[in-house]
Amino acid sequence: MKLQAIRGMRDLYGEEMAQWQSVERSVREVLSRFGYQEFRTPVLEKVEVFTQTVGEDSDIVEKQMYVFKDQNEETLALRPECTAAFVRAVIEHQLHKVGRPLRFYYYLPMFRYERPQKGRLRQFHQFGAELINDSSPEADAESIVLLDAIYRQLGISEYVVKINNIGTEASRGKYRDALKDFFKDKLSELCPQCQKRFERAPMRILDCKNEACQEVAKDAPVILDYLDPESRAHHERVQHCLKMAGLSFEVDPRIVRGLDYYSQTAFEFQSDLLGAQSALGAGGRYDGLAIRFSEKPIPAVGWALGMERLMIALEAKAALPKSEGKPQYFFAPLGPEAFDVLYGLSLKLKRAGVWAELIYEKDKSLKAQLKQANKSQAPFAVVLGEEEIKKGQAVLRDMGSSSQENIPLNELEAHLLRRTQRAT
Ligand code: HAM
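So, here is what we can say about the structure in this document. (Residues numbered from 1 in each chain as written. Predicted model: local features only at pLDDT ≥ 70, side-chain atom pairs only at ≥ 80, totals over all residues. Heavy atoms only, no water.)

Overview of the pairing of strand β7 (residues 160–165)
Line of reasoning, step 1. Counting buried positions along β7 yields five of six residues, so the element is predominantly enclosed.
Line of reasoning, step 2. Bridge analysis of β7 against strand β9 (residues 265–270) gives six bridges, and the strand direction is antiparallel. Counterpart to N165 in the pairing with β9 is T265.
Line of reasoning, step 3. Direction of pairing for β7 relative to strand β8 (residues 250–251): parallel, over a ladder of two bridges. Bridge assignment links K162 to a residue of β8, and that residue is E250. (Buried < 20%, exposed > 50% of the residue type's maximum accessible area, 1.4 Å probe, protein only. Helix = DSSP H or I, 4+ residues; strand = E, 2+ residues; numbered from the N terminus. Pairing = 2+ DSSP bridges.)

What to know about empty space enclosed by the protein
Line of reasoning, step 1. Tallied over the entire structure, the rule returns one cavity of 30 Å³ or more.
Line of reasoning, step 2. Counted as a void, the largest cavity has a volume near 50 Å³.
Line of reasoning, step 3. Residue lining of the largest cavity: F86, V87, V90, I132, Y286, L289, A290, I298 and A300, and that is the complete set.
Line of reasoning, step 4. The element best represented in the lining of the largest cavity is helix α4 (residues 83–92), accounting for three residues.
Line of reasoning, step 5. For the lining of the largest cavity, the class distribution of residues is nine nonpolar, no polar and no charged. (1 Å grid on protein atoms, 1.4 Å probe; cavity = no way out; pocket = protein on both sides within 12 Å on 5 of 7 lines; lining within 4 Å. Points joined across faces, edges and corners; volume = space filled by probe spheres on them. Nonpolar A, V, L, I, M, F, W, Y, C, P; charged D, E, K, R; others polar.)

Section: the sheet that holds strand β14 (residues 380–384)
Line of reasoning, step 1. The mixed open sheet is built from five strands, whose spatial order is β13-β12-β14-β15-β16. Pairing within the sheet leaves two strands with one partner each, and these edge strands are β13 (356–358) and β16 (404–408). Between one strand and the next, the sheet's axes are offset by a mean angle of 30 degrees, whatever the strand orientation.
Line of reasoning, step 2. Across the sheet, helix α12 (residues 366–376) is in contact with β12 (329–333), β14 and β15 (393–398); its angle to β12 comes to roughly 170 degrees. (Axes fitted to C-alpha atoms, helices over the stretch in contact; angles between N-to-C directions. Contact = heavy atoms within 4.5 Å.)

Observations concerning the packing of helix α11 (residues 336–351) against helix α14 (residues 412–423)
Line of reasoning, step 1. In the contact formed by α11 and α14, the axes pass within 11 Å of each other and the chain directions differ by 35 degrees. α11 and α14 meet at a crossing whose hand is right-handed. Contacts between α11 and α14 involve L342, L345, K348 and L349 from the former and L412, E413, L416 and L417 from the latter.
Line of reasoning, step 2. Per-class residue counts for the contact of α11 with α14 are six nonpolar, no polar and two charged. (Left-handed = near helix turned anticlockwise from the far one by under 90°.)

Some details on the nonpolar core
Generally speaking, soluble globular proteins have nonpolar side chains that are buried together.
Line of reasoning, step 1. Ranked by internal contacts, the top residues of the largest apolar core, which has 56 residues, are F50, F86, I132, F183, L206 and Y286.
Line of reasoning, step 2. A per-element tally of this core places α4 first, with seven residues.
Line of reasoning, step 3. Once you skip the residues sitting within four places of it in the chain, F50 turns out to touch E45, G55, V61, M65, A77, R79, P80, E81, A84 and A85.
Line of reasoning, step 4. Counting residues in hydrophobic clusters, the runner-up holds 44 residues, among them L131, C241, F269 and L273. (Core = buried A, V, L, I, M, F, W, Y, C linked by side-chain atoms within 4.5 Å.)

Observations concerning the side chain of R197
Line of reasoning, step 1. Tracing the sequence through the fold places R197 in helix α7 (residues 192–200).
Line of reasoning, step 2. Looking at R197, the relative accessible area reads 7%, which means it is buried.

Some words on α7
Line of reasoning, step 1. Those residues of α7 that fall on the buried side of the exposure criterion are Q193, C194, R197 and F198. Burial along α7 is one-sided: seen end-on, the buried residues are contained in an arc of 155 degrees. The exposed set on the far side of α7, more than 90 degrees from its buried face, consists of P192, K196, E199 and R200.
Line of reasoning, step 2. Check the buried side of α7 and you find it contacts α3 (59–64), α6 (172–183) and α8 (211–217). (Arc of directions from axis to C-beta.)

A word on the pattern of salt bridges
Line of reasoning, step 1. By the definition in use, this model includes 32 salt bridges.
Line of reasoning, step 2. One salt bridge in this structure joins E38 and R40, with 3.1 Å as the shortest N-O distance.
Line of reasoning, step 3. A relative accessible area of 59% means that R40 is categorised as exposed.
Line of reasoning, step 4. If you follow the salt bridges from partner to partner, you end up with R28, E38 and R40 in one network. (Salt bridge = Lys/Arg side-chain N within 4 Å of Asp/Glu carboxyl O.)

Points about the site of the ligand
Line of reasoning, step 1. Near the ligand you find 27 residues, and of these E81, T83, E114, E130 and Y262 are the closest.
Line of reasoning, step 2. Contact distances for the ligand include 2.6 Å between a nitrogen atom and a side-chain N or O atom of E81.
Line of reasoning, step 3. G306 is positioned with one of its backbone polar atoms (N or O) 3.2 Å from an oxygen atom of the ligand.
Line of reasoning, step 4. Isolated, the ligand exposes 660 Å² of accessible area, and the fraction of that covered by the protein chains is 96%.
Line of reasoning, step 5. Those elements that place two or more of their residues in the shell around the ligand are β6 (123–132), β10 (279–285) and β11 (300–306).
Line of reasoning, step 6. Class assignment for the residues of the shell around the ligand results in twelve nonpolar, eight polar and seven charged. (Near = heavy atom within 4 Å. Polar contact = N/O pair within 3.5 Å; in protein donor to acceptor, adjacent residues only side chain to side chain. Areas by Shrake-Rupley, 256 points an atom, 1.4 Å probe, with all protein chains shown as cover.)

Re helix α5 (residues 137–153)
Line of reasoning, step 1. Relative to the 24 Å expected for 17 residues at 1.5 Å per residue, α5 spans 24 Å between its end C-alpha atoms, a close match to the ideal helical length.
Line of reasoning, step 2. Downstream of α5 by a residue or two, G155 has a phi angle that is positive, lying close to 90 degrees. (Expected span 1.5 Å × (residues − 1).)

As for the side chain of S58
Line of reasoning, step 1. Position of S58 among the secondary structure elements: in the loop between α2 (48–51) and α3.
Line of reasoning, step 2. Looking at S58, its side chain comes within polar contact range of the main-chain nitrogen of V61, at 3.3 Å.
Line of reasoning, step 3. Setting aside chain neighbours within four positions, we find S58 in contact with R204 and G258.

Observations regarding the environment of I389
Line of reasoning, step 1. Along the chain, I389 falls in helix α13 (residues 386–391).
Line of reasoning, step 2. In sequence terms I389 and V341 are 48 residues apart; their C-alpha atoms lie 9.5 Å from each other.

Points about the packing of aromatic side chains
Line of reasoning, step 1. Across all of its chains, the model carries 18 aromatic pairs by this definition.
Line of reasoning, step 2. For the ring pair Y151 and F269, a centre distance of 5.8 Å and an interplane angle of 45 degrees mean the geometry is tilted. Separated by 118 residues along the polypeptide, Y151 in helix α5 and F269 in strand β9 bring together distant segments of the chain.
Line of reasoning, step 3. A residue is classified by how much of its surface remains accessible, and F269, at 0% relative accessible area, is buried.
Line of reasoning, step 4. Within the aromatic cluster, the residues linked to one another by ring pairs are Y151, Y159, F267 and F269.
Line of reasoning, step 5. One Lys or Arg, K186, reaches over the ring of F182 and ends 4.0 Å from the middle of that ring.
Line of reasoning, step 6. When the ring centre of F380 is taken as reference, the NZ or CZ atom of R419 above it lies at 4.5 Å. (Phe/Tyr/Trp six-rings, centres within 6.5 Å; stacked < 30°, edge-to-face > 60°. Lys NZ or Arg CZ within 6 Å of the ring centre and 35° of its normal.)

Keep in mind these numbers describe shape, not what the thing actually does.
Structure below.
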């Protein structure tokens, strides 16, 4: 049997891996600057962590979760998203009781059984940022500004920030009724899934990607006309805060999000750079999520960004970072004796913190080795042949200018170490 990676799951290596690492470093740097600390949860959770929170009628719970029974007959799920798992961990470790806002981020693989296409995978990676113990609109705006800062740090600004307020759980009843009233005589125009959504989750119809459903939903009542005064004030203040921070955005009442746990602020960063998909990143406030695990709400707001989609956006802009890793020295031995000298030295230098590259092919010509040295982008090559050994000297070659100098062999190690220290 020919074994291949599972459909929708990718291997990462080489130049692409180096680009990911460089982008990961930039994202982490912005998150640290905003005061967010890393958090990791296990890849497996009890299935209820997601079924109780994300919503029974959501795409994730209905058809996208990887669920299986372990040897103990316990039903487990591979994490399809991390907010619910994060809140499970917050409650388990009583972090909400510290009495002050806490900022966490994660960078983890997620698993959703979706139809794979560009920008949509079955194993994908999310950076997520969550701010808990803070119910203020200022926290919502900070969260949005943080996501914007990450894209801008990487040179991406071709997106629209869409924000909405979907009210509190209590205030949504009237809106749901209005939606049902609107859709009830248009059911035959909706896709089969939206016909199912009509009874229990009419708001999800607004989120459907089917064009026919979008056409019908165009004239549906908008949530902003049904907001309670508290939600309205919250929404106004979030907008004011974003303006104070100099961020442009659009209010879009159709941003309702496909997960059940949101209340109040919901937002999406949409970009044409992505082709088939449009959401670069998305999030919102989820004060009510904790109630599904315990008695009390925990005010919280956050987002997640898709790493694969971020890389597609960077590629579309030809802004992918160049890989930074290159050796400081390329060792080119000629003959077995020279090979042994440079073999020992390259490992000693690596242990001391200097990257000296040596290829374990012993009979390559000088020309072939210098070609490899060029390819490796090492600024210097060290050439050692039988003649040089006799003279007790090695040749240090500047790969840029091709100028050379002789270094006494017994001083070579100290010389290369000194040179590297001076350069850094
Ligand atoms: P989400 O909208 O399901 O939200 O996902 C967030 C982002 O993950 C999307 O905007 C997209 O960039 C990326 N994404 C989602 N599915 C895929 C996929 N199959 N392949 C590639 N990328 C994908 C959440 O997951 C929430 N937990 C966000 C959140 C955090 N809300 C509050 N805190």
